[in-house]
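# Structural features, examined
Given next are the chains, with one letter for each unit.
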Amino acid sequence: MTEFTIQEHWLTPGRRLQSPNQSSRANEKQIELLVIHNISLPPGEFGGPCIDELFCNRLDPGQHEYFRSITNLRVSSHLLIDRKGVVTQYVAFNRKAWHAGESCYQGRGNCNEFSIGIELEGTDFEPFTGQQYLTLGRVTDVLLKTYPGLSRERIVGHSDIAPGRKTDPGPCFDWPRFRATLCGNPRAKV
């Protein structure tokens, strides 16, 4: 069982790959929302370097027809949890990742300014893996302990802050299963 810690706003252990798609927060101590997303590149395919390439502006538009429509996007997330539960961090937590886009939470716009974004490798149409739920739970636990503005009540899906525009993490994301993994629940199922 991997125990995570956060040192200087970086998760350890974990893979680090800095994205250029980031900026300073107006108040780096104001981290008050955790946003869960899903992503797969090409759509519906898992594994490979394409998500890293997208977040680092190195996606080759000739590699797949779909990539031509997204190659000029400048997006990132703080974390990606792949299908095996492996974590990659692209942006330090005290900095703004560009994951939420046009968004609003409880009347506050620009959710990137005060949120942490976590991408799960997946789609709206397929179940996520047990390893992803366990890793997401453990990562969430350490985020809740490290950033006092976060709470269990301030964890949302991308669809919650961008309704009508975004659908992720989608209907296959099992919120009760995820919440059961929090606080090191020993009965959490893989």
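Residues numbered from 1 in each chain as written. Predicted model: local features only at pLDDT ≥ 70, side-chain atom pairs only at ≥ 80, totals over all residues. Heavy atoms only, no water.

## A word on the overall build of the chain
Counted only if it meets this: The helix count covers DSSP runs of H or I at least four residues long, the strand count covers runs of E at least two residues long, and both are numbered beginning at the N terminus. Here the globule rule is a power law, 2.2 Å times the number of residues to the power 0.38, and the radius of gyration is based on C-alpha atoms. Contact criterion: two residues are considered in contact whenever any of their non-hydrogen atoms come within 4.5 Å of each other. In this charge count, Lys and Arg are treated as positive and Asp and Glu as negative; neither His nor the chain ends contribute. The location of each charge is read from NZ of Lys, CZ of Arg, CG of Asp or CD of Glu.
The number of helices and strands found in the chain is five helices and twelve strands. Compactness check: the chain gives a C-alpha radius of gyration of 15 Å against a globular reference of 16 Å for 190 residues, within 12% of the reference. In terms of its C-alpha atoms, the chain occupies a principal-axis envelope of roughly 45 × 40 × 35 Å. Counted over contacts in the chain with a minimum sequence separation of 6, partners at least 24 positions apart contribute 70%. Of the charged side chains in the chain, 22 are positive and 21 negative, and the gap between their average positions amounts to 5 Å.

## Overview of the side chain of Glu-53
The condition is simple: Type-normalised accessible area, obtained with a 1.4 Å probe on protein chains alone, sets the label of each residue: buried when under 20%, exposed when over 50%, and partly exposed for intermediate values. Should a side-chain nitrogen of Lys or Arg be within 4 Å of a carboxyl oxygen of Asp or Glu, the pair is scored as a salt bridge.
With respect to the helices and strands, Glu-53 occurs in helix 1 (residues 50-55). The side chain of Glu-53 is buried and forms no salt bridge, while Arg-58, the nearest opposite charge, is found at 6.2 Å. Ignoring anything within four residues of it in the chain, the contact list for Glu-53 reads Arg-58, Leu-59 and Gln-63.

## Overview of the environment of Asp-60
Positionally, Asp-60 belongs in the loop between helix 1 and helix 2 (67-70). Asp-60 sits in the partly exposed class, given a relative accessible area of 42%. A C-alpha to C-alpha distance of 8.8 Å links Asp-60 and Cys-50, two positions ten residues apart in sequence.

## Looking at the nonpolar core
Heads up, the rule is: Throughout, nonpolar core names a set of buried Ala, Val, Leu, Ile, Met, Phe, Trp, Tyr and Cys residues whose side chains join them through atoms within 4.5 Å.
Leu-11, Ile-116, Ile-118 and Leu-143 are the most contacted members of the largest nonpolar core, which totals 25 residues. Considering each element in turn, this core owes the most residues, five residues, to helix 3 (residues 130-146). If we ignore the near neighbours within four places in the chain, the residues touching Leu-143 are Ile-6, Leu-34, Phe-93, Ile-116, Ile-118 and Leu-150.

## Quick notes on the sheet that holds strand 7 (residues 87-89)
Picture the strands of a sheet paired through backbone hydrogen bonds; they go either parallel or antiparallel. Applicable threshold: The criterion for strand pairing is that DSSP finds at least two bridges linking the strands in question. Lines fitted to C-alpha atoms define the axes, with helix axes restricted to the stretch in contact, and inter-axis angles between N-to-C directions lie between 0 and 180 degrees.
Taken together, the six strands give an open sheet; going across it, the order is 3-7-6-11-5-12, and neighbouring strands pair in mixed fashion. The open sheet has two edge strands with one neighbour each: strand 3 (15-16) and strand 12 (155-157). Alignment of strand 6 (residues 79-81) against strand 7, held across three bridges, turns out to be antiparallel. Along strand 7, the bridge assignment pairs Leu-80 with Thr-88. Helix-sheet contacts for helix 3 involve strand 5 (33-39), strand 6, strand 7, strand 11 (115-121) and strand 12, and the interaxial angle to strand 11 is about 170 degrees.

## A few points about the confidence of the model for the chain
Our working definition: The predictor attaches a confidence to each residue, called pLDDT, with possible values from 0 through 100.
Counting all residues, the mean pLDDT for the chain is 95, and 96% of those residues have values of 70 or more. When the criterion is pLDDT under 50, residues 185-190 qualifies, and its contacts beyond four places in sequence or with other chains add up to nine contacts.

## Re helix 3
Worth spelling out the cut-off: Here a helix's expected span is defined as the number of its residues, less one, multiplied by 1.5 Å.
Here helix 3 is 17 residues long and its end C-alpha atoms lie 25 Å apart, about the 24 Å a rise of 1.5 Å per residue gives. Burial analysis of helix 3 places twelve of its 17 residues in the buried class, which makes it a mostly covered element. Among the residues making up helix 3, those that are buried are Gly-130, Gln-132, Tyr-133, Leu-134, Thr-135, Leu-136, Gly-137, Val-139, Thr-140, Asp-141, Val-142 and Leu-143.

## As for the packing of aromatic side chains
The condition is simple: Only Phe, Tyr and Trp rings are paired, with Trp represented by its six-membered ring, and only when their centres lie within 6.5 Å; those with planes under 30 degrees apart are stacked, over 60 edge-to-face, the remainder tilted. Geometrically, a lysine NZ or arginine CZ counts as sitting over a ring once it is within 6 Å of the ring centre and also within 35 degrees of the ring normal.
According to the stated counting rule, one finds seven aromatic pairs in the structure shown. Look at Trp-175 and Phe-178: their rings are 6.1 Å apart centre to centre, the planes differ by 70 degrees, and that puts the pair in the edge-to-face class. With Trp-175 and Phe-178 both in helix 5 (residues 175-180), this residue pair falls three residues apart, about one helical turn. Positioned above the aromatic ring of Phe-114 is the side chain of Arg-108, whose terminal nitrogen or guanidinium carbon lies 3.7 Å from the ring centre.

## With respect to the state of the cysteines
Note the cut-off: The rule for a disulfide is simple: a pair of cysteine sulfur atoms within 2.5 Å.
Tallied over the full model, the rule gives zero disulfides. Here Cys-56 is not disulfide-linked; the sulfur of Cys-50 is the nearest cysteine sulfur, at 12 Å.

## Regarding the pattern of salt bridges
Oppositely charged side chains are able to pair whenever their charged atoms sit close together. Per the counting criterion, the structure on display carries three salt bridges. When the shortest N-O distance is used, the salt bridge between Arg-15 and Asp-52 registers 2.5 Å. Here the residue Arg-15 occupies a position in strand 3, and Asp-52 occupies one in helix 1, the gap between them amounting to 37 residues. Between Glu-113 and Lys-96 there is a salt bridge, and its shortest N-O distance comes to 2.8 Å. Taken together, the positions of Glu-113 in the loop between strand 10 (108-109) and strand 11 and Lys-96 in strand 8 (residues 95-97) put the pair 17 residues apart, joining distant regions of the chain. Exposure class is identical for Glu-113 and Lys-96. Each is buried.

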